[in-house]
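The lines below spell out each chain.
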Amino acid sequence: MTQTLTFLGIESSCDDTAAAVLRRTADGQALILSSVVEGQSALHAAFGGVVPEIAARAHAERLDHCVEQALAQADLGLGELDGIAVTSGPGLIGGVLSGVMLAKGIAAATGLPIIGVNHLAGHALTPRLTDQLAFPYLMLLVSGGHCQFLIVKAPDVFQRLGGTIDDAPGEAFDKIAKLLALPQPGGPYVEQEAALGDAKRFKFPRPLLDRPDCDLSFSGLKTAVLRARDQVIAQNGGIPLQDRRDLCAGFQAAVSDVLVEKSRRALEIYLELQPLVPALAVAGGVAANTHIRSALQALCARMGVRFTAPPLRLCTDNAAMIAWAGIERFVTGTVDPSDLIARPRWPLDAAAAGMIGSGKKGPKA
Ligand code: KG4
Ligand code: ZN
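Residues numbered from 1 in each chain as written. Chains lettered and ligands numbered in written order. Predicted model: local features only at pLDDT ≥ 70, side-chain atom pairs only at ≥ 80, totals over all residues. Heavy atoms only, no water.

Some details on the coordination of the zinc ion (ligand 2)
Where we set the bar: Ligating atoms shown are N, O and S within 2.8 Å of the metal, or 3.2 Å for Na, K and Ca, and water is not included, meaning a site may look less than complete. A four-donor site is classed as tetrahedral when every donor-metal-donor angle falls between 85 and 135 degrees; four donors are called square planar, and six octahedral, when trans pairs exceed 155 degrees and all remaining angles lie between 65 and 115, with any other arrangement labelled irregular. Each helix corresponds to a stretch of at least 4 residues labelled H or I by DSSP, and each strand to a stretch of at least 2 residues labelled E; elements are numbered beginning at the N terminus. Relative accessibility under 20% of the residue-type maximum defines a buried residue, over 50% an exposed one, and the middle range a partly exposed one, all with a 1.4 Å probe and only protein chains included.
Within the protein, His119 (NE2), His123 (NE2), His146 (NE2) and Asp317 (OD) serve as the donor atoms for the zinc ion (ligand 2), at 2.2 to 2.6 Å. Angles of 85 to 163 degrees at the metal separate the four donor atoms of the zinc ion (ligand 2), which places the site in the irregular class. Read from N- to C-terminus, the donor residues coordinating the zinc ion (ligand 2) fall into the pattern H-x3-H-x22-H-x170-D. With a gap of 194 residues between them, His123 in helix H4 (residues 119-131) and Asp317 in the loop between helix H10 (312-315) and helix H11 (320-331) connect regions that are remote in the sequence. Residue His123 is classed as buried on the basis of its relative accessible area of 1%.

Structure, rendered in structure tokens:
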């Protein structure tokens with residue numbers, strides 16, 4: 001690759017409206033010229049989850065503004081771009097459609113090529129944007145809407161080793177926070193409380209560890225925490241501070257143990273490929289959890305594998321990752337037709353599509 005490429009990225013598949021301008025230099029380095037993310041948490045807060053109709057309307061209202069801001073911050077006009085990358089699935093269809101329609105409009109007006117990007121590929125290719133990781137590497141995607149192990153072999157070649165059969169881990173953190181009257185999104189608050197709790201007091205299950213595969217489950221764990229909480233309330237007429245901390249610590253330890261053990265299994269499968277520089281990358285909002293992060297780091301150290309975790313602003317939903325994934329696909333010769341469609345479901349590895357679940361943030365594909 002000898003060409004410098006500058007792409008506009010557009011993301012609107014869930015509850016973040018985002019636009020970014022990213023430049024990939026001839027030597028493969030990424031320069032994020034701008035990255036604008038307008039979250040919608042406040043709009044959905046009263047409903048306990050993302051409301052698709054509210055999300056779609058907010059995306060439609062905000063996308064133009066985000067794109068204008070991204071171009072202004074990058075100090076570039078549309079004429080100075082080489083292409084447009086847009087999330088064309090999977091996700092909440094109203095939001096995905098808003099982004100795809102806008103991208104098509106800009107492409108029609110400017111003649112720029114348009115690349116439809118799989119949102120999950122955006123996450124999965126981020127370690128190349130941040131750390132220039134070489135293929136193949138193992139990716140653990142853990143967020144409020146996603147949970148899967150992927151061997152990333154090329155910009156559009158992914159082998160899915162396993163994933164959640166019910167909730168995503170972030171979703172479980174959020175539900176536990178709700179059970180314990182902590183604010184949303186709950187992950188950071190549960191982590192904060194857990195740091196002051198005794199992880200051994202409550203004996204919570206480590207679901208699916210009896211199965212030798214890389215699939216995960218978090219819904220039974222959530223129910224176990226609910227039962228323990230109800231017992232605490234029955235005994236005390238409320239949840240004393242230390243009990244809340246111990247519940248959080250026990251829950252977080254269970255999630256961490258499951259992620260570490262399933263990562264170990266996924267790494268064993270991945271290492272059979274004999275990669276030159278073996279690497280595990282973690283992405284998604286839950287990757288912000290210091291306890292989980294250091295447990296995964298320790299596992300990698302034991303197994304002689306490089307560990308990387310992109311900075312949080314690039315772990316969570318953003319459009320820089322979409323622009324990057326678009327450039328990666330463009331370089332392999334992919335350009336989508338002007339009738340590019342929005343796909344609510346779009347598994348990265350079609351051969352492993354059987355495990356699809358659905359949670360509060362929509363299809364996980
Ligand atoms: O990737 P993300 O921003 O959004 C999508 O799900 O697409 O992830 C958000 C999720 C939320 O469920 C949030 O509670 C969780 O990541 N999260 C955390 C932490 N920070 C955010 N979970 C555990 N510990 C954290 N420190
Ligand atoms: Zn995402």
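What to know about the domain arrangement of the protein chain
Under the convention used in this document: Segmentation into domains, and thus their bounds, comes from an automatic or database assignment. Contacts are assigned to residue pairs with any non-hydrogen atoms lying within 4.5 Å of each other. Each of two parts loses accessible area, computed with a 1.4 Å probe, when they are put together; buried area is these two losses added. The salt bridge criterion pairs a side-chain nitrogen of Lys or Arg with a carboxyl oxygen of Asp or Glu, the two atoms within 4 Å. Any N or O atom pair separated by 3.5 Å or less is treated as a polar contact, with the protein-specific requirement of one donor-capable and one acceptor-capable atom, and with residues adjacent in sequence counted only for side-chain atom pairs. Residue type decides the class: Asp, Glu, Lys and Arg count as charged, Ala, Val, Leu, Ile, Met, Phe, Trp, Tyr, Cys and Pro as nonpolar, and the leftover types, Gly among them, as polar.
Domain parsing of the protein chain yields domain 1 (5-130 + 317-331) and domain 2 (133-313). Across the boundary between the two partners, domain 1 contributes 14 residues, which contact 19 residues of domain 2. Here domain 1 and domain 2 share an interface that buries about 1300 Å² over both sides, 67% of which is from carbon and sulfur atoms. Looking at the side of domain 1 facing domain 2, the largest losses of area belong to Ala124, Pro127 and Arg128, adding up to 36% of the total buried there. The tally of links between domain 1 and domain 2 comes to zero salt bridges. Linking domain 1 with domain 2 are four residue pairs in polar contact (both at pLDDT 80 or more), by the criterion used here. Grouping the constituent residues of the side of domain 1 that touches domain 2 by class yields six nonpolar, six polar and two charged.

Looking at a nonpolar patch on the surface
Applicable threshold: Patch definition: residues above 30% relative accessible area lacking any salt bridge, with like charges linked at up to 9 Å and the nonpolar side chains Val, Leu, Ile, Met, Phe, Trp and Tyr linked at up to 5 Å. Accessible areas in this description were obtained via Shrake-Rupley with a 1.4 Å probe; residue shielding takes into account the shown protein chains only.
A cluster of nonpolar side chains, contributed by Ile93, Leu97 and Met101, occupies part of the molecular surface with about 280 Å² of accessible area. Tracing the backbone through its elements, the reader meets Met101 in helix H3 (residues 93-110).

With respect to the site of ligand 1
What counts, and what does not: To be near a molecule or strand, a residue needs just one of its heavy atoms within 4 Å of it.
If you check the shell around ligand 1, you find 20 residues, and the closest are Gly144, Gly145, Asp174, Gly187 and Glu191. One of the backbone N or O atoms of Gly144 is found 2.7 Å from an oxygen atom in ligand 1. Protein contact buries 90% of the 550 Å² of open area that ligand 1 shows by itself. Elements with a contribution of two residues or more to the shell around ligand 1: helix H5 (169-179) and helix H6 (187-194). It is H5 that provides the largest number of residues to the shell around ligand 1, a total of four residues.

So, the sheet that holds strand S6 (residues 137-142)
Pairing between sheet strands relies on hydrogen bonds along the backbone, with the strands arranged either parallel or antiparallel. Which entries qualify depends on this criterion: Strands qualify as paired when DSSP identifies two bridges or more between them. Helix axes use the C-alpha atoms of the stretch in contact, all axes being lines fitted to C-alpha atoms, and the angles between their N-to-C directions lie in the range 0 to 180 degrees.
In space, the five strands of this open sheet follow the order S8-S7-S6-S9-S10, with mixed pairing throughout. Edge positions in the sheet fall to strand S8 (157-163) and strand S10 (306-308), since each of these pairs with one other strand and no more. In this sheet, neighbouring strand axes are inclined to one another by 20 degrees on average, regardless of whether the strands run parallel or antiparallel. Two strands pair when backbone bridges link them, and S6 and strand S9 (residues 279-283) are joined in this way by four bridges, in the parallel orientation. In the strand pairing of S9, Leu138 is matched with Leu280. Sheet contacts for helix H8 (residues 241-271): S6, strand S7 (147-154), S8 and S9; angle to S6, the most-contacted strand, approximately 155 degrees.

Remarks on H11
Short version of the rule: Helix span, expected: 1.5 Å multiplied by one less than the number of residues in the helix.
In this model, H11 (12 residues) spans 17 Å end to end at C-alpha, consistent with the 16 Å of a helix rising 1.5 Å per residue. For H11, the tally of buried residues reaches 10 of 12 residues, placing the bulk of the element in the interior. Burial in H11 covers these residues: Ala320, Met321, Ile322, Ala323, Trp324, Ala325, Gly326, Ile327, Glu328 and Arg329. Just past H11, the residue Gly333 takes up positive phi, approximately 100 degrees.

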